[in-house]
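Residue-level structure breakdown
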Amino acid sequence: MTYDLYIGDRTFSSWSLRGWLMLEKFGLPFRNHMIGLYSGTMADDMTPLAPARLVPALQLPDGTVVGESLAMAETLAEQNPKAGMWPADPAARATARWLCAEMVAGFTALRGACPMQLQHVNEGFEVTDDVRADLDRIETLWTHAAGFRTDGPWLFGAYSLADAFYAPVCARMIGYDLPVSDMARTYCRTTIQDVAFQTWRAEGQKITYDPFPYDMGLNTRPWPA
Ligand SMILES: N[C@@H](CCC(=O)N[C@@H](CS)C(=O)NCC(=O)O)C(=O)O
């Protein structure tokens, strides 16, 4: 029973990162397929998966295609009930679902102003009021999640789908050196120091870009080790 995961770029595609973490972090068997997100071949590459048209997309072992990250997450959790993809406690589980749904639907100012990039840290990014409001809301949700926390450094203690959904937010907080609380910064460090995240980033670093997408015209420093 092997899943087929279709993703785009590793350095810039936040949704691809989420999709990959959903399988990788829970030890689910999968084959990875690259779609030409920036090469101009995306529409053709996606044709066999129609009507899915964005990455990530998932093909189940029976051939069923699932688009949209939230649908992929729920399907994988349903098919792998022992993988612990959602928190075990019902209240924590409901809250984790809420956090994932709000991630999919929200934080448009942060997402628009700070496109995910895992290349370097941008210095001197000017935080607008809208971005500040998104950061505050994210911190409110993370603090709420901590009220359900069992042992472990993740949002709900043990790693859950909520952590996969918020990994690109952590990458933005780090990659734009955003002003967040110590609690948030500690969680971001946990995320980017995790072996799976580091493996993903290292694979992405093998590709060079000229010109560099999403150049903010800011000074940069190396991504933290
Ligand atoms: N709502 C989708 C978002 C997926 C998405 O926006 N993926 C981007 C890559 S990060 C994409 O495929 N963009 C290509 C395009 O918009 O044509 C999900 O939850 O999976």
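Here the structure is a predicted model, which means the values were calculated and not measured.

**Considerations on the site of the ligand**
In the vicinity of the ligand, the contacting residues are Ser13, Trp15, Leu37, Met42, Leu54, Val55, Pro56, Glu68 and Ser69. Take Val55: an N or O atom from its main chain is 2.7 Å from a nitrogen atom of the ligand. One nitrogen or oxygen atom from the side chain of Glu68 is found 2.7 Å from a nitrogen atom belonging to the ligand. Calculation on the ligand without its partners gives an accessible area of 510 Å², and the protein chains cover 69% of this total. Tallied by class, the residues present in the shell around the ligand amount to six nonpolar, two polar and one charged.

**Some details on the state of the cysteines**
Each disulfide consists of one covalent bond between the sulfur atoms belonging to two cysteines. One pass over the full model with this rule turns up zero disulfides. Lacking any disulfide linkage, Cys100 is separated from the closest cysteine sulfur, that of Cys170, by 13 Å. You can call Cys100 buried: its relative accessible area is 0%.

**With respect to the nonpolar core**
Generally speaking, soluble globular proteins have nonpolar side chains that are buried together. In terms of nonpolar packing, the biggest core is built from 63 residues, with Leu58, Trp142, Leu155, Tyr166 and Met173 touching the most fellow members. The element contributing the most residues to this core is helix α7 (residues 161-175), with eleven residues. Among the domains, domain 1 (3-83) and domain 2 (90-203) are the pair contributing at least three residues each to this core. Leaving out residues up to four positions away in the same chain, Tyr166 has contacts with Leu99, Cys100, Glu102, Met103, Phe107, Ile138, Leu141, Trp142, Leu155 and Tyr187. Core analysis: the next-biggest nonpolar cluster, separate from the first, contains eight residues, Tyr6, Ile35, Met42 and Met46 among them.

**Quick word on the sheet that holds strand β3 (residues 57-59)**
Pairing within the open sheet is mixed, and its four strands lie in the order β2-β1-β3-β4. With partners counted over all chains shown, the strands left at the sheet margins are β2 (30-34) and β4 (65-67), one partner each. Neighbour-to-neighbour, the strand axes of the sheet open up by a mean angle of 20°, direction not taken into account. In this structure, strand β1 (residues 3-7) lies alongside β2, joined through five bridges in parallel fashion.

**Looking at the domain arrangement of the chain**
You can read the domains of the chain as domain 1 (3-83) and domain 2 (90-203). A straight line from the C-alpha centre of domain 1 to that of domain 2 covers 21 Å. Counting from both sides, the interface comprises 22 residues of domain 1 and, opposite them, 24 residues of domain 2. When the area that domain 1 buries against domain 2 is broken down by residue, the three leading residues are Arg10, Leu17 and Arg18, summing to 29%.

**A closer look at helix α6 (residues 129-146)**
Taking 1.5 Å of rise per residue, the 18 residues of α6 would be expected to cover 26 Å, and the 26 Å separating its terminal C-alpha atoms lies within 8% of that figure. Those residues of α6 that fall on the buried side of the exposure criterion are Val131, Asp134, Leu135, Ile138, Glu139, Leu141, Trp142 and Ala145. Along the axis of α6, the buried residues cluster in a sector spanning 160°; they form a single face. In this structure, the buried side of α6 is in contact with α4 (90-105), α5 (108-113), α7 and α8 (182-193).

Here is what the cut-offs are and how they apply
All chains use their own residue numbering, which begins from 1 and follows the written sequence. This being a predicted model, a pLDDT of at least 70 is required before a residue's local features are given, and a value of 80 or more before pairs of side-chain atoms are given or counted; all residues contribute to the totals for chains, interfaces and linings. Water and hydrogen atoms were dropped before computing side-chain values, which therefore reflect all heavy atoms in the structure. Put simply, a residue is near a molecule or strand once any heavy atom of it comes within 4 Å of that molecule or strand. We call two N or O atoms a polar contact when they sit within 3.5 Å, provided that within protein one can donate a hydrogen and the other can accept it, with sequence-adjacent residues counted only if both atoms are side-chain atoms. To measure how exposed things are, a 1.4 Å probe is used in the Shrake-Rupley method; for residues, cover is taken only from the protein chains shown. Each residue receives one of three labels: charged for Asp, Glu, Lys and Arg, nonpolar for Ala, Val, Leu, Ile, Met, Phe, Trp, Tyr, Cys and Pro, and polar for the others, Gly being one of them. Only a pair of cysteine sulfur atoms within 2.5 Å qualifies as a disulfide here. For the exposure calls, accessible area comes from a 1.4 Å probe over protein chains only, and a residue counts as buried if that area is under 20% of its type's maximum, exposed if over 50%, partly exposed in between. As used in this record, nonpolar core signifies buried Ala, Val, Leu, Ile, Met, Phe, Trp, Tyr and Cys residues forming a set joined through side-chain atoms within 4.5 Å. A helix here means a DSSP run of H or I that spans at least four residues, while a strand means a run of E at least two residues long, and both kinds are numbered starting from the N terminus. The domain boundaries here were taken from an automatic or database domain assignment. The contact rule is simple, with two residues in contact once any of their heavy atoms fall within 4.5 Å. Should DSSP find at least two bridges between two strands, the strands are taken to pair. Here an axis means a line fitted to C-alpha atoms, over the contact stretch when the element is a helix, while the angle between two N-to-C directions is reported on a 0 to 180 degree scale. Throughout, buried area stands for the accessible area (probe radius 1.4 Å) lost by two parts on being put together, summed over both. Helix span, expected: 1.5 Å multiplied by one less than the number of residues in the helix. Of all possible arcs, the one meant is that of the directions from the helix axis to the C-beta atoms.

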